[in-house]
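Structure assessment
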Amino acid sequence: MVLRHSTLRRRLGESNMDRLLVLTVDLGWLVGLESWVVDFSPSSYQTPPWNALDCSRDTVWIPPAIPTRVPNKKYWIIVDMQEPHRVYQVRIVQIANGLHDIKDYVLEMSSVDPYVWEVVESSDAVLVGTSKPQHFGDFNVTSQYWRITMTSITGWPVRIRDFCFFGHKEPNIKIKIVPCETLHTACTLPTEADGTETGYEPPGDQPCHVTVDIHEGIRSVDNPLQVHRSGNVTINPLVSFECGIAYNASAMWTVRANLTTLTYPIEAYWNYLPDRDDVFADKLKLELPWKTMPLGIFMVQITVTMNVTELGHVSIGVAQTWMEVVPLPLVAMLTPGFAARSMPTHDFNIRATDSYDPDELAPADQFSYNWSCEAVVYTDPPVVSGGISACEALLGNLASSSRPDEGELSFKAWGARPGGAIVKVSVVITAEGRPSAYTYLNIHTVPASLAHVTLSCLENCNPTDFVAYKTLHLTCSYPGATNVWTLEEAPSDFPGIDWTNNITAMSTITLIVRPNVFTVRGNYTIRVSNFFDANFPRIAEYRFQVFANPIPMSLLQGNSTDIPPDVCSVFPPEGVSLVDKFCIVCEDFYDELGPLRADIRYEFIPDGVELATTKFPGSGPATIVDIILTVFSGWVLYTPMVDIPPGLIIIELVVSSPDGRNTTVFLDPILIASPNKAQVSEYMDGFYDSSIGPFSKLLSMRSPVEAFSGSVISSGVAAALANKGEDTSEIADKVAENMAAVELEDYDGIVGLSTSTLLVTAFPDFVPGDAQVFSSMSLKSAFEKTRELSENNSMPVDEVNRATALMFTGAVNVFKASEVMAEAEQEGGTTSSNNLEANKEATTRNFEALDVLDDIYLENMMPGYDEDDLFADVYMSTMHVRIKREDPSDGSEKLYTVGGQSDSFVRVPSFSSLLPDGCPDGEVGVQFLESNFNPFEYSNNSRIIRSDVTGLAVKCGNMTIPVSGLDEPLDILTRRENKSLDDLMYIFSTSAPLGNISVFQFFAKKNMSSMSFSVDFNSTLFPQDVTLWLSKHEPPTPDTYDWTATLPVPEGQLYNIPWINETSLVSSAYQWLLPEEEVDITDFDVDNKTKYYIGVQFGTDLDLGSGEIVNFTLYAFETACVYFEENGTHLWQNDGCSVGLMSNITHIHCRCDHLTKFAGFVAPNPLNIQDVLKANILENPIGLILVLTVFSGYLVGILWARKTDRQDIAKAGVALLPGHKLNPRRECQYVITVYTGFRGNAGTTAEITLVLYGIHYESAPLTLRDDNRVLYQQGSVDSFLVSTEQPLGVLTHMRVWHNNAGYSPSWYLGQIVVVNRGTNQTTYFLSNRWLAVDEDDGKIERLIPTAGEEEMTKFRNVFFAKSSRDMNDGHLWFSVKGRPARSPFTRVQRLSCCLTLLYSTMIANIMFFGRGDDFDPPEPLRIAGLEIDPPITLPQLMIGLQSAVIILPVNLLIVFLFRNSGARAPKKSSNKTVDSEPDRRFLKLLQRKPRSNKTFTSNNPDTPSFWYAREKSAIDNSTDQKLGVLQSTLDHDVEVGSSKKRDEDNDGPKKSSLPWWAVFIGWLLVWSASFVAAFFTVLYTLSFGKAKAEAWVFTIVTSFITDLFLVQPFKLLLVAMVFALLVKKPVEDEDPAPTPTGDDEEYIHNDTQGEPPKQKKVWISATGWMRYILTDRSAAYGTESKSPDDERSTLPPDESVLAEARAKSAEKRKRRAAVLEVIVFGLFVTVIMLTAYQERSQLAFYMTQNVKGQIVEGDFSDVSSTKAG
């Protein structure tokens, strides 16, 4: 099947070409002749040098022997090939004895004679000690003369089996006509059921179209494609999509019958595509499993639909062909006996009922039987031959139980049967529509006294079609010592049976013949003879027929059975992978059973890529794992145009018959060149294009094999390039990203994805971080899919082993790539980067994938085996995993190892101690891992790792069980890395007199490590004790030392561990170990190079003077045992582990009481205050800088907050409209509260006017003004006291507008709340809309109905109200800006609380910084079969709770004190007690200025005249007016009845109030808590060190900003949403009544009392930022000019005025947009310039000036030209 797109097509000729002219060459291994060798050195030999050139492993070149070794001696051969040959590669086969192997070679060529040598290829990578063929070279050169130079590895003479050239003679060209792929341009559609067709031309000028063909050919009904019903049917389409934009593609197969040719009733097969899970009508390739189709001729049609959504275009391509399903012959069998048997004269029967139809279509009860008998050996036979009557005459009468028509004959006993007669009983079996089958049975008569003998077949039991590659198993019914097996019949060219080597088992009753013995075509008869009676031997025979394997048609007429490799041709014979496409065309083959299936494939062996090996069961052989790519599978012997990977490719052709016979042909190798990197990238861009690329289209049409074939080839090309040192990082990224996006469905997808991944990650230097992450994702997905598919042993073991080996290879490659990248990062000084995070993520996900590997074997595969010691091994040279099943109740000691040469192990006292609670569900086992490199290199402290990494995990079902707190520790032994002790070991080799003390000085090089001393000397010669003294700072003496030991350690105190083969590993008796806690090496000791001294004395002081000298070597080295917190800090830790006594210079012995860590109360980071106070803060000032920066910001914020708090005083309270006289009737008084919204620029400079409508009356227009304060700012709440002539009754609606005056008239109205003072009834008018000419609908007037409870509780209204209140009052940080003016909790207090909260958060964060990662993740929750990973671990929860205990109490207490502290009592008047808030405010105003007017008038023309006096002054005093209002109201309240007022004022609960001095306690807590938290934060940063402190500062700053500006707003909105959805309660204003000013406060508006009213209006009508602008424009509104604010009217502005305003606003927006665009463009240019010039060298200017001075301004007068000779 081929899927093409226009961007990838490489056509080899015109589309109407059916055959191509191909030039081929005899490419292969060049067998060297004796005449080729013209010279060699040495000039003599034991066996000749041409033996090395004959491409045979059976011959050897042996130069003459030499007495001594001669290192680096050269051995050479000069070759003359007689004529030019093109050579591509050489093959070397060593003698493999390690002494005479070559270590390197040089291949040279010369184009002329005498020779001029040029080096073609050289290599020092020849493997020693192996006799496997080694291939070298990737060259393409032509020459006749060659020289081979080799060097022996040991200096002894070389002995070489094979040095063979691969290539061909030039020119040696022969012509073949080979058909290649043809993609037809015409499509056909069926019109009639009888098969007549009509065609139509393909799309002509369509922008996108699809062309479809069938690779097997467009065949007619008279010449259909023949396939066997008992074979897998495959039809391969050829599809070409021509489109440059994204499209979707789908395929649909239909199979229709030609009713006239059906040979079996059609009623049972109306649906010709079987309804099975493994048959897909929408798959691009049609695949029908065997025995699913009926017999007959069928029309097969594929319809491919191309849907171009962007163009609304659909193109449909259709192709048809005819296919004939043919049967296998019926199998006829006669039993008992098969071919012959001896029968006595008593009753016997012959049955043909074991005959069967191998296609399983015709049942046996529908067979017809035609019997006949013939006298073969018979004295005076009554008849010679005939039907049933002849059988009765020769063998006796048939019994009544005979059923000849049903396949059974029963003969009665007949004494007249002559002894020694032979009667041939034959039967012909027929079935409707099937050819007949024939068989016979020879009956040998014996006397009645002898029992009959029969044969039974147990294996390979089709006598008409014996399968040669299977075992033959026969049994005899009569046991006896005289039974003899013989071969009675065989083809003439059969060599005979070797009854010793060809037989698996042979006894008197059993014969088992090995496979591939009966391979010659013909009939065979095996006889068993019993000679109990020598005169009448009894026999039984089994006769079978062997068909020849399929052979090429060209060999039918000859006698040769050797199939030449040129039976197939590859076109072109050479090419470039991914650039050229290739086709393979083979000669037709013949088979006696009819059509044959062809499979063409090749093994891809990429250079430098290692594949893992899998063994399961572990006691069995390893599964062969290789990369096999299938080129084609189908019922024709030619392929479509395909891609082939680079390298030397040997293509394999397998031609198979449906009965299992096959012929395999290996073609001559072809050499495919590797493309360059640009060509590979171009190919991949097209192949992986998600819109038009073949990869995604093939996957979408259920063709994973074809999709991943291209992926594997391109990945293999990338591996070949990487192997040559080219950077393929971009290619790796592309492949890995596309593999991660694949959704796996079957085994083929798993293999394809894993192979692509392992190839693209094979060379770790070129696997970037993103590719590692994507690869780990795809590999984990592959492991999980394998686990799913292999449940309950539902996958064959070989498939599981192969899949896990490929996936494991990819995982190890990713591990290695992670290590290489992380090592490079950390060597460069980087401890935190995106690459390291990618390494961490990839490694973590890879280990999760290996956990799934455990499940595959433990849970899915192992339950099907009963072996006690069952395990699975998956390994590579650098990493090995063993998965072993265990018994949870096993209390015996366990030693876990891995296979191969590893000597690492883990010893467990008992497996049951690892699972004290058992395992209630699932299989129990362990995973033991050994890695020769550090897969956790990304960890910041991985540089300390100098050994192999081992790991042991305990599995219960699919869970990894944490193990800790073991009573007896585990023993872990692992190898040190080479040179791992170079920096940690001292070696002192010396000699000393016996009894003398030798002292050596050394330094400790690593903190928190144990110290070991090992003495190496001849203990047999000097059996005396060895005394060691160790001292710090000063050399030791026998009397002054810090530590001492006497060696050897007594044998009873030596540490030993049971090892394999009943041996033990024992610690050294001459080694002294000082544990970490005892020697206590500190950072100070390492940094300051504290001196350590070790004294050594052999014997005692009494041995002095003996004259004996001891030669010895003392090793002093340090060792530390650590484990990796994979699920925690991702750091190497050492708690719970100690160094064991068996640690030495080659291995590390560790003893640990856990496998993983466990969680509980989390201790904070330790803090040594004394050490920290000694630290130099200048070296690590980041913590202090952060604390001081926060405090500086606080001081600046306090200035702003204090000023804003003073301004809020003017906003509090209820304002009376200027000139408005209150109606004394309370039921006519209304408090109107206006809520301006929080939208951007929601405030207005215009004046607001409204009219209230009740059920009885309506009010006059009320212009809501207050000359003493700023109104209608963004988010402001402004209250006014108004009255009407008569009670309006229940309010129904209101009309509100503004005069569109000022510089920012647009206004966003939230809501208006009206409270009737008489009835205390509150009415809500909800708006939440703009009143603006440039917003919303452009209107400045709204008619707002009264909001009922239903509207009040609507989600939108409750949500806006709740979120607004929480944002501006409830949230501590946001309320600093939005604090309600009436709130007693001032901005200064709120900002101070923020300071304390921030410092408290900093100290809590730094105390537990990094501690939450020290613990294992929680086990997943299982609900209804689903696994859910908890989002938080127990340690993280504990840290949260502990942090809350630190932060919340003090901060909540401070807020409580500030919010609830009462106001300080004002000074008492001498004649009156002030109790109420209005009284206090009244007296405050009274003290400032006495009341002078008692007549209240107004200039406001909107107010009815009857509310004002007839005379009015020119300029009113606003303070007097407000005072008059308050006094009038107060007097009226007293007159009407003070009791009623008290009842109304006290209605509802009041907040509890603390004493006024409680606020001072709050301030004390603010400063004390802030200081303590800030101080200890600085100390912690000093203890962390600079790098960790900077990391913490970065973390806390980013988390604070993220939390404040992203998380907190989201949480507020979420709470408001939940409140609006669930509570559905209107949000009420909880702000208290206005409080009087403090002693240090004053009303802001009092400062402006002396100003003229008209100038004052400019200041009070501006909002927010407009106030600043208007300060420069206030001069324009003096007393002589008329301000727009004076333009008041009882009606909104005219529409014409508004239209003009809208036009001006639109123009203003355009100007603003233009300015913004210029600013953005300027910023963009600035960024570009900074980016372009930031790397510019500072020396560029000087370099330019220097060159200019040298060339432009230089003096060239001394330069002269050289005179011509």
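Owing to the predicted nature of the structure, the values given are computational and were not obtained by experimental measurement.

Points about the state of the cysteines
Counting across every chain of the model gives 7 disulfides. Covalent S-S linkage joins Cys 373 and Cys 391, the inter-sulfur distance amounting to 1.8 Å. Judged by the sign of its S-S torsion, about 100°, the cystine formed by Cys 373 and Cys 391 is right-handed. With Cys 373 in strand 24 (residues 368–377) and Cys 391 in helix 1 (residues 388–395), the pair connects residues that are 18 residues apart, well separated along the chain.

Description of helix 7 (residues 769–789)
With 21 residues, helix 7 extends 30 Å from end C-alpha to end C-alpha; this agrees with the ideal 30 Å at 1.5 Å per step. Of the positions making up helix 7, those classed as buried are Gly 769, Ala 771, Gln 772, Val 773, Ser 775, Ser 776, Ser 778, Leu 779, Ala 782, Phe 783, Lys 785 and Thr 786. Looking at the buried positions of helix 7, the neighbouring elements they touch are helix 5 (729–740), helix 6 (747–760), helix 8 (797–827) and helix 9 (834–861).

Let's talk about the packing of aromatic side chains
One pass over the structure, following the stated rule, counts 51 aromatic pairs. Consider the rings of Phe 348 and Phe 411, whose centres lie 5.1 Å apart with planes at 25°: the pair is stacked. Taken together, the positions of Phe 348 in strand 23 (residues 348–351) and Phe 411 in strand 26 (residues 408–411) put the pair 63 residues apart, joining distant regions of the chain. Phe 411 matches Phe 348 in its accessibility class, with the two residues each being buried. Each member of the aromatic cluster is reached from another via a ring pair, and the members are Tyr 986, Phe 988, Phe 1000, Phe 1002, Phe 1013, Phe 1017, Tyr 1070, Trp 1072, Tyr 1092, Phe 1098 and Phe 1112. Against the face of Tyr 75 rests Lys 73, its NZ or CZ located 5.6 Å from the ring centre. One cation-aromatic arrangement involves Lys 424 over Tyr 440; the distance from NZ or CZ to the ring centre is 4.4 Å.

Regarding the sheet that holds strand 47 (residues 670–673)
The strands making up a sheet associate through hydrogen bonds between their backbones, and the pairing can be parallel or antiparallel. Spatially, 3 strands are ordered 38-47-44 in an open sheet, and the strand pairing comes out mixed. Each edge of the open sheet is held by one strand with a lone partner, namely strand 38 (575–576) and strand 44 (647–649). Examined bridge by bridge, strand 38 and strand 47 share 2 bridges and lie parallel to one another. Bridging across to strand 47, Val 576 finds its partner in Ala 673.

Here we look at unusual backbone geometry
Cis rather than trans, the peptide bond between Ser 41 and Pro 42 has omega equal to 0°. Relative to the elements of secondary structure, Pro 42 occurs in the loop between strand 4 (37–41) and strand 5 (74–94). Between Phe 571 and Pro 572 the backbone carries a cis peptide bond, its omega angle lying at -10°. Along the chain, Pro 572 falls in the loop between strand 37 (568–571) and strand 38.

Some details on the pattern of salt bridges
One pass over the structure, following the stated rule, counts 48 salt bridges. Here Lys 884 makes a salt bridge to Asp 869, at a shortest N to O gap of 3.0 Å. With Lys 884 in strand 49 (residues 879–885) and Asp 869 in the loop between helix 9 and strand 48 (871–875), this residue pair connects regions lying 15 residues apart in the sequence. Residue Lys 884 is classed as buried on the basis of its relative accessible area, which comes to 15%. What you see here is one network of salt bridges that share partners, running through Asp 869, Lys 884, Glu 886, Asp 890 and Lys 894.

Brief notes about the nonpolar core
Formed by 145 residues in total, the largest nonpolar core has its most connected members in Ile 651, Leu 653, Phe 808 and Tyr 857. Once you skip the residues sitting within four places of it in the chain, Leu 653 turns out to touch Cys 568, Cys 586, Phe 589, Ala 598, Asp 599, Ile 600, Leu 637, Thr 663, Thr 664, Val 665 and Leu 667. By size, the runner-up hydrophobic cluster in this structure holds 43 residues, among which are Leu 1186, Val 1388, Ala 1574 and Leu 1579.

Here's the deal with the environment of Gly 922
With respect to the helices and strands, the residue Gly 922 is situated in the loop between helix 10 (911–914) and strand 52 (924–931). We classify Gly 922 as partly exposed; its relative accessible area is 36%. Along the backbone, Gly 922 and Lys 955 are 33 residues apart, and their C-alpha atoms lie at a distance of 9.2 Å. Apart from residues lying up to four places away in sequence, Gly 922 is in contact with Glu 859 and Gly 957.

Focus on the pairing of strand 9 (residues 141–152)
With 9 of its 12 residues buried, strand 9 lies for the most part within the structure. Pairing geometry for strand 5 and strand 9, over 10 bridges, is antiparallel. Along strand 9, the bridge assignment pairs Trp 76 with Thr 149. Here strand 6 (residues 102–110) runs beside strand 9; their pairing, made up of 8 bridges, is antiparallel. Within strand 9, the position partnered with Ser 110 by the bridge is Tyr 145.

Re the sheet that holds strand 69 (residues 1147–1152)
Read from one edge to the other, the open sheet built from 5 strands follows the order 50-51-55-69-68, with strand pairing classed as antiparallel. Among the strands making up the open sheet, the edge pair consists of strand 50 (894–896) and strand 68 (1137–1139). The sheet shows a mean angle of 20° between the axes of neighbouring strands, taken without regard to direction.

Some thoughts on helix 26 (residues 1695–1733)
Look at helix 26: 57 Å from first C-alpha to last across 39 residues, which is about the 57 Å you get at 1.5 Å a residue. Among the residues of helix 26, those classed as buried are Leu 1698, Ala 1701 and Ser 1705.

Focus on the packing of helix 6 against helix 7
Put simply, helix 6 and helix 7 touch, their axes get as near as 10 Å, and they point 155° apart. Classified by the interaxial angle, the pair formed by helix 6 and helix 7 is roughly antiparallel. Crossing hand, helix 6 versus helix 7: left-handed. Together, Tyr 747, Ile 750, Leu 753, Ser 754 and Thr 757 of helix 6 and Ser 775, Ser 778, Leu 779, Ala 782, Lys 785, Thr 786 and Leu 789 of helix 7 make up the contact between the two elements. Residue classes in the contact of helix 6 with helix 7 are distributed as 6 nonpolar, 5 polar and 1 charged.

Description of the confidence of the model for the chain
The predicted model of the chain averages 78 in pLDDT, with 80% of residues at 70 or higher. Confidence over residues 1633–1687 falls short of pLDDT 50; this stretch has 90 contacts with residues more than four positions distant or in other chains.

Section: a positive patch on the surface
The grouping of Lys 1708, Arg 1709, Arg 1711 and Arg 1712 at the surface amounts to a positive patch. Along the chain, the position of Arg 1709 falls in helix 26.

Definitions and limits used
Residues numbered from 1 in each chain as written. Predicted model: local features only at pLDDT ≥ 70, side-chain atom pairs only at ≥ 80, totals over all residues. Heavy atoms only, no water. Disulfide = S-S within 2.5 Å. Helix = DSSP H or I, 4+ residues; strand = E, 2+ residues; numbered from the N terminus. Expected span 1.5 Å × (residues − 1). Buried < 20%, exposed > 50% of the residue type's maximum accessible area, 1.4 Å probe, protein only. Contact = heavy atoms within 4.5 Å. Phe/Tyr/Trp six-rings, centres within 6.5 Å; stacked < 30°, edge-to-face > 60°. Lys NZ or Arg CZ within 6 Å of the ring centre and 35° of its normal. Pairing = 2+ DSSP bridges. Salt bridge = Lys/Arg side-chain N within 4 Å of Asp/Glu carboxyl O. Core = buried A, V, L, I, M, F, W, Y, C linked by side-chain atoms within 4.5 Å. Axes fitted to C-alpha atoms, helices over the stretch in contact; angles between N-to-C directions. Parallel < 35°, antiparallel > 145°, perpendicular 65-115°, else oblique. Left-handed = near helix turned anticlockwise from the far one by under 90°. Nonpolar A, V, L, I, M, F, W, Y, C, P; charged D, E, K, R; others polar. pLDDT = per-residue confidence, 0-100. Patch = residues over 30% accessible without salt bridge, like charges linked within 9 Å, V, L, I, M, F, W, Y side chains within 5 Å. Areas by Shrake-Rupley, 256 points an atom, 1.4 Å probe, with all protein chains shown as cover. Lys, Arg positive; Asp, Glu negative; His and termini not counted. Charge placed at Lys NZ, Arg CZ, Asp CG, Glu CD.

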